[in-house]
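Residues per chain are reported as follows:
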Amino acid sequence: MASDDQRSTAVFGTALASLSALAIVTIGLVGGASRLHAPVLNQQSSSITLDPALASIISLPPDQRIAQLDALSREPQAADQHRARYLLATDLLQQGKGAAAIAQLADLETQYPLMAPYILRQRAKAYELDGKTKQAQQVWQTLLKRYPQDPVSAEALVALGKTDARYWEQAIAQFPSHPRTLEAVRTLLQRKSKVPERLLHLVRHGFYAPGIVSVADKLVGMQRQIALKPEDWEAIAFAYWENQAYGKAGQAYAKAPKTARNAYRAARGLQLAEETTKAINAYEALVAAFPDSPETALGLLRLARLQRQNPPVAIAYLDTIVSRFPDRAAEALLLKADILETTKNGRAAVQTRQRILDQYPSSKAAAEIRWQEARKQAKAGNLKTAILWAEVIAVNSPTSELAPEAAYWTGKWKTALGDHRQAKQQFERVLSQYPESYFAWRSASMLGYNVGDFTTVRRLVPHIVVPVGRSPLAAGSTLLQELYQLGQSWDAWARWQVEFQTPQSPTVAQQFTDGVLRLGVGDYLDGIFMVSSLRDREPQQDQADYQALRQQTAYWHALYPWPYLDLIIAWSQQRQLNPLLVLALMRQESRFEPAIVSVAGATGLMQVMPDTGAWIAEKSGLKQPYRLDNPADNIMLGTWYLDYTHQEYGDNSMLAVASYNAGPGNVADWLDRFGLADPDNFVEQIPFDETRGYVTAVFENYWNYLRLYNPDVMALMKRYGH
């Protein structure tokens, strides 16, 4: 499911207070505002509602909620008594108390019929825990008899298959994608490691699992001994693609069924693997085989970029796009203008850009031309002319990524011209139209709202409200919704693997659901990617569904989750750092993956380099051993270094964050070259694309956490329609 191509006076009082006033609170279940619009929402979910009291209990760790669940389970009039009993039994199982769990589960399936299959599953597991094998086997058989088609029956088949292998074969045939089935397949492969059908099963149904690339490698290595069909190659290619082994994916897609998508990915994979000649050949094969497909338009653009050193060839590709694919014509013309510039045909380049403005005034390409001209005029001191160019972007190309930036700088330029009233209106327009952007934060700061700026963010500690409860999933059965609302994340994820039948071509609702469920089981890297990449969906209906989805709080909470809450707060307090700034940086560094390692060797949540970790340990007098892949150790070291970079630059958080990414030597050099008279200009002039993007991304993260979890900023944004 990966994409094909990879911003007045202080009004908040104590809302953003000193470090000594840190407040983290939770509130009740997220209400109707989080429900998705009809094109996206699974209507079955509307019947799944939890009492706020139970929702608050569910949010607690299992070892802290036993007493409360027990009390609720004893209240016969309680609306959620049966749910409380189920959760209590589940917690008791985790504590190894099988008999106590069995007592809670007694006759529960008759009182809580929706969850009957899972109640039987829990009863069987409780008997197993107590060593009552015969009773457990009987319950597993009952589960199979009563609910033979329910996904949880896969667990019964796998459990029974430990003594009778025929049950495992049934699980493989009937529930091929259930995680327990995949575990059984892996066990079979441990006994006999090179069974093609088992390897293919894992590749086809466990493409998200760790180690799947090596499984695909085994299959590819066996291709001379086995007859892999085109559909098998497509499954292998998809597994490679989802795990970012793009070169291998490209080679496999070349052998998959002949579709435009497969042909495009064959070429793109080779390009990403830097096999340029092969990629060019593959793109040309795409164009020849599928001359009218949307993938061909994108392939022609890729070809033109790959052939920039051969302008006549590149321009011929671009002219083909202009004549046959009007939706990409403006993009092609802009690239053509750039290529014409390199041939010193400036007049033709100017004419081509003017053609974009005349024929495609609402395109993103037109926005780029206008923004380039606006910046050019501003640099020359012609601020009124710059404003004229920039203001058109928000009118003609409001969805362009440049629109919030142009709108913000329009406000800055009007301020410089002394037109403070219109500047204020411009900053308010950014907050209203682009509330999630980095430039919305900069606008809020310019308006005087107490949201922090580059020099004050460090010591602000927002009052944080972490919502309790979960919004309905966008897709899935009623039972899946129930599991998710009960906080049974693994069970919901496992059931989803059976219900989700089209992972290579998901709907917007399915992709969002998949991302949310990945977040639930701690797969933050892929979960955030699944949610964020929805913006790249191009079909008109997909974009309509996405636009409806992004109006909902549930979407933004999925994009900006808050794992490791206690550790972040504890170390932020000790280092006197804004916890939202730490969270924002961590999200950018690792997407909350504790064991992730960069190509350079940076490790863990805050991407600490091993030698930097050793230096920090020495400087801080740390005596005990530490591990960079341990969340507590990594946050301890990372926050020490973030504190250090702040101290180096007088608590200027923009410079501290830039130094965290690029190193103090580079930042010192940039300060010498550019000065710090205008911090916005400094950010714009950072010569490293990565660091410039890093700085804006971290503060955009900070702003979104603030507007999502700080009640006063939430109230402020409501004034602007959000």
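Residues numbered from 1 in each chain as written. Predicted model: local features only at pLDDT ≥ 70, side-chain atom pairs only at ≥ 80, totals over all residues. Heavy atoms only, no water.

(A) Molecular detail of the pattern of salt bridges. Under the definition given, this model contains 40 salt bridges. Across the salt bridge formed by Asp680 and Lys412, the nearest N and O atoms sit 3.0 Å from each other. Here Asp680 is found in helix H38 (residues 679-685), whereas its partner Lys412 is found in helix H23 (residues 403-416), with 268 residues between them in sequence. Take Asp680: its relative accessible area is 4%, and that puts it in the buried class. The class for Lys412 is buried, based on a relative accessible area of 13%. Counted as one network, the salt bridges with shared partners bring together Arg121, Glu155, Arg180, Glu183 and Asp491. (Salt bridge = Lys/Arg side-chain N within 4 Å of Asp/Glu carboxyl O. Helix = DSSP H or I, 4+ residues; strand = E, 2+ residues; numbered from the N terminus. Buried < 20%, exposed > 50% of the residue type's maximum accessible area, 1.4 Å probe, protein only.)

(B) Up close: helix H4 (residues 98-105). Those residues of H4 that fall on the buried side of the exposure criterion are Gly98, Ala101, Ile102, Gln104 and Leu105. Seen from one end, H4 has its buried residues packed into an arc of 160°, which puts them on one side. Among the residues trailing H4, Asp107 stands out with phi positive, at a value near 60°. (Arc of directions from axis to C-beta.)

(C) View of the environment of Phe699. Following the sequence through the fold, Phe699 ends up in helix H39 (residues 689-709). When its relative accessible area of 0% is taken as the criterion, Phe699 is described as buried. When near neighbours in sequence (up to four residues on either side) are disregarded, Phe699 contacts Tyr438, Trp441, Phe454, Leu581, Ser653, Met654 and Val657. (Contact = heavy atoms within 4.5 Å.)

(D) Region of interest: helix H25 (residues 438-446). Among the nine residues of H25, eight are classified as buried, and the element is accordingly described as predominantly covered. The inward-facing, buried residues of H25 abut H23, helix H24 (420-433), H38 and H39. At the C-terminal side of H25, Gly448 shows a positive phi close to 90°.

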